[in-house]
Amino acid sequence: MANYNNWLSTLKLLTNASLPFFLVFIVSCLSTEASSTVPVLFLVHHVKKSPLSFGRASSSLFNNNDPLHKNKSILTIRYRRNRTKSIHSAQDTTTSLKMCQLMGMNCATLTDFSFSLRGFTRRGGATDVHSHGWGLCFYDGMGLRSFHDPDPAAESLLAEFLQSHPVKTLNVVAHIRYATRGEVKLENVHPFSREMWGCNFCFAHNGDVSLFDRNLFQKSNNNIKHSQSINTNPNDNQSKTRTSIPQKMSLIFSSSYNQIPWIGKSIGVEDPGIRYYNPIGATDSETMFCAILNALRARFDTLPTLPVLHAALSALCNEIVTRDKETMGGNTILNFLLGCGPHLQFAYSWPGAREGSEVWNGLHYLVREPPFGSAHLSDCDYSIDFSAVAKEDDRVAVIATSPLTDDEDWVEFERGQLILFDDGVPHMAPEDCEEVEFRNHGLVSSAIPAAASLEVYMRRYRLRTSFFEGSGI
């Protein structure tokens, strides 16, 4: 009864504070350790933080003196009743020597992924320990079909369904999880997806980037004085002394809040103080995905061409690695797959192994094209003769943390290498991506315009012409 009195007292304080449009939810949640019910108070607030410092990473493509700031704000309200299958917190696993694994496929013609998925899912609890959930996204035209399961992939009925009911696509991203940050919950399962520029983006990550560990960049509420005030009239003397919603909250509660780090200085955008994209779960991976999208969204208000997007992503990756080492002193390991629509998939690798571990975390790829041969999976005794099922115009690029087959030649990514895959073909450098534009496989959107021409685009974003010298563009 004392607990209920305390909550009622808190509500009385809120009422006396006269917080306009303040949203309060009282939800009775069954305690996991006792039979009593505990009221939970959910508060929604909107704050603006101060800028963060940046590392020295930069790109030769961009002039850094042309930041694009968009003074937009967003108020997000989320409530989820979490159902945890097993208690597996980040604190329990930070010393783990294992990591997640990635699989991607990019195809010239519609292709089913059941063969590679069969071997990949075996690593989710059967032949390996990545048993904390799995997910897969594939593009169906401009749409994105997503499948997520917190159960081990090797035991998942959903994974079994996809293997026994093959579907065809041009672009797929998959992930099996070994939890190192965030509990074993559905919201922490990769791939993550967001809409940007009217396009579906999906992202899966393997590695360790402490810069985006939400427990490490947490800010205390002592900085709430820098938050955005509710006041809108600077000439109103009464409003000047009026306390903002976040400030009133700070007087009532001692909890802390998070704002994800800002990256983007390497592509010419300083911290605007707001975040359009924010993580739902607790992983560093989703946080990094949101940070990358925030930077790109702030930099471009027309669709970037693929050479420019390649250069921008490469610059952001360099900035992340530099800042992670400088500010966190971490052993940065950064491998990701980024789907950008029905045709395009970026893959990046900054490989490494955790201290004390011999498990190497990088990326490998191969391209299957005519003349086709047979392939045997590494994780189960299963083979297929592609020459009997493939057509002359088929071509498939397969990307994986470690090779999925034991009788094909896989190529390991170089450190810091970013590759764009389209039509099953790897494009290593920004200038190589121009031919993808000529095939009309660039970014497509009905929401925002594309640049009128490359010359206009370069002038609009002050791109350096020396970048394109010798590329034939």
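Please refer to the structure higher up on the page.
Just so we're clear, the structure is a prediction, and the values are computed from it rather than from any experiment.

About the cut-offs
Position numbers for residues start from 1 in each chain and track the written sequence from start to end. This being a predicted model, a pLDDT of at least 70 is required before a residue's local features are given, and a value of 80 or more before pairs of side-chain atoms are given or counted; all residues contribute to the totals for chains, interfaces and linings. Computation of side-chain values covers all heavy atoms of the structure but excludes hydrogens and water. In this description, a nonpolar core means a group of buried Ala, Val, Leu, Ile, Met, Phe, Trp, Tyr and Cys residues linked to one another through side-chain atoms lying within 4.5 Å. We call a residue buried when its accessible area falls under 20% of the maximum for its residue type, exposed when it is over 50%, and partly exposed in between, using a 1.4 Å probe and counting protein chains only. In this text, helices come from DSSP runs of H or I with a minimum length of four residues, and strands from runs of E with a minimum of two, each type numbered from the N-terminal end. We define a salt bridge as a side-chain nitrogen of Lys or Arg found within 4 Å of a carboxyl oxygen belonging to Asp or Glu. Axes, fitted as lines to C-alpha atoms, cover a helix only where it is in contact. Angles between the N-to-C directions of the axes lie from 0 to 180 degrees. Note on terminology: angles under 35 degrees are roughly parallel, angles over 145 are roughly antiparallel, angles of 65 to 115 are roughly perpendicular, and the others are oblique. Two helices cross in a left-handed way if the nearer one is turned anticlockwise from the farther one by less than a right angle. They cross in a right-handed way if the turn is clockwise. Working rule for contacts: check all heavy atoms of both residues, and any pair within 4.5 Å makes them a contact. Put simply, Ala, Val, Leu, Ile, Met, Phe, Trp, Tyr, Cys and Pro go in the nonpolar bin, Asp, Glu, Lys and Arg in the charged bin, and everything else, Gly too, in the polar bin. The pairing criterion is simple: DSSP has to find at least two bridges between the two strands. Two rings from Phe, Tyr or Trp (for Trp, the six-membered ring) form a pair when their centres sit within 6.5 Å of each other. Planes less than 30 degrees apart are called stacked, planes more than 60 degrees apart edge-to-face, and all others tilted. A ring has a charge above it when a Lys NZ or an Arg CZ is no more than 6 Å from the ring centre and no more than 35 degrees off the ring normal.

K.L.:
Help me understand the nonpolar core, please; the structure alone is not making it clear to me.
P.N.:
In globular proteins that are soluble, nonpolar side chains generally tend to be buried together. In this structure, Ile-292, Leu-296, Leu-334 and Leu-338 are the most contacted members of the largest nonpolar core, which totals 49 residues. Sorting the residues of this core by element identifies strand E7 (192-196), strand E8 (199-208), helix H7 (284-299), helix H8 (306-328), strand E9 (333-339), strand E10 (345-350) and strand E16 (417-422) as the ones contributing at least two each. The element best represented in this core is H8, accounting for 10 residues.

K.L.:
Help me understand the pattern of salt bridges in this model?
P.N.:
Pairs can form between side chains of opposite charge once their charged atoms are near each other. Counted by the stated rule, this structure contains 8 salt bridges. As a salt-bridge pair, Asp-379 and Arg-123 come within 2.8 Å of each other at their nearest N and O atoms. One end of the pair, Asp-379, is in the loop between strand E12 (374-376) and strand E13 (383-385); the other, Arg-123, is in the loop between helix H3 (114-122) and strand E4 (134-140), with 256 residues separating them in the sequence. An identical accessibility class is assigned to Asp-379 and Arg-123; each is buried. A salt bridge links Asp-140 to Arg-145, with the nearest nitrogen and oxygen atoms 3.0 Å apart. It is possible to trace a salt-bridge network through shared partners that takes in Asp-422, Asp-423, Glu-435 and Arg-439.

K.L.:
It is not clear to me how the packing of H3 against helix H4 (residues 157-164) should be interpreted in this structure. Could you clarify?
P.N.:
Two quantities define a packed helix pair, namely the angle between the axes and the distance from one axis to the other. Running from N to C, H3 and H4 point in directions that differ by 155°, and their axes come no closer than 9 Å. Judged by the angle between their axes, H3 and H4 are roughly antiparallel. The handedness of the crossing between H3 and H4 comes out as left-handed. Here Ser-114, Leu-117, Arg-118 and Thr-121 of H3 lie close against H4, whose contacting residues are Ala-159, Leu-162 and Gln-163. Of the residues that constitute the contact of H3 with H4, the class distribution is 3 nonpolar, 3 polar and 1 charged.

K.L.:
Teacher, can you tell me more about the sheet that holds E4 here?
P.N.:
Read across the sheet, 7 strands follow the order E5-E4-E6-E3-E14-E11-E15 without closing on themselves; strand pairing throughout is antiparallel. Both edges of this open sheet fall to strand E5 (143-149) and strand E15 (411-412), since each of them pairs with a single strand only. With 5 bridges joining them, strand E11 (residues 364-368) and strand E14 (residues 396-400) adopt antiparallel strand pairing. Looking across to E14, one finds that His-364 is bridged to Ala-400. Contacts from H3 reach strand E3 (101-112), E4, strand E6 (168-176), E11 and E14, with the element oriented near 170° to E3.

K.L.:
Teacher, can you tell me more about the sheet that holds E9 here?
P.N.:
Note on sheets: strands pair through backbone hydrogen bonds, and any given pair is parallel or antiparallel. Overall, antiparallel pairing links the 6 strands, which are arranged E7-E8-E9-E10-E16-E17 in an open sheet. Single-partner strands in this sheet number two, and they are E7 and strand E17 (425-427). If you compare each strand with its neighbour and ignore which way they point, the axes differ by 25° on average. One ladder, built from 7 bridges, connects E8 with E9; its direction is antiparallel. By the bridge assignment, Ala-204 is partnered in E9 with Leu-337. Along the sheet, H7 contacts E7, E8 and E9; its crossing angle with E7, the most-contacted strand, is approximately 15°. Contacts from H8 reach E8, E9, E10, E16 and E17, with the element oriented near 30° to E10.

K.L.:
Help me understand the packing of aromatic side chains, please; the structure alone is not making it clear to me.
P.N.:
For any pair of aromatic rings, the description rests on two quantities: the centre-to-centre distance and the angle between the ring planes. By the definition in use, this model includes 12 aromatic pairs. Geometrically, the ring pair formed by Trp-197 and Phe-300 is edge-to-face, given 6.3 Å between the ring centres and 75° between the ring planes. Remark: Phe-300 occurs in the loop between H7 and H8 and Trp-197 occurs in the loop between E7 and E8; sequence separation between them is 103 residues. With respect to burial, Trp-197 and Phe-300 carry one shared label: buried. Aromatic pair Phe-203 and Phe-289: ring centres 4.9 Å apart, planes at 5°, arrangement stacked. Here Phe-203 is found in strand E8, whereas its partner Phe-289 is found in helix H7, with 86 residues between them in sequence. Residue Phe-203 is classed as buried on the basis of its relative accessible area, which comes to 1%. Given the relative accessible area of 1%, Phe-289 is considered buried. Taken together, the ring pairs connect Phe-203, Phe-289, Phe-336 and Tyr-348 into an aromatic cluster. We note Arg-297 situated over the ring of Tyr-276; from NZ or CZ to the ring centre the distance is 3.6 Å. When the ring centre of Trp-350 is taken as reference, the NZ or CZ atom of Arg-415 above it lies at 5.1 Å.

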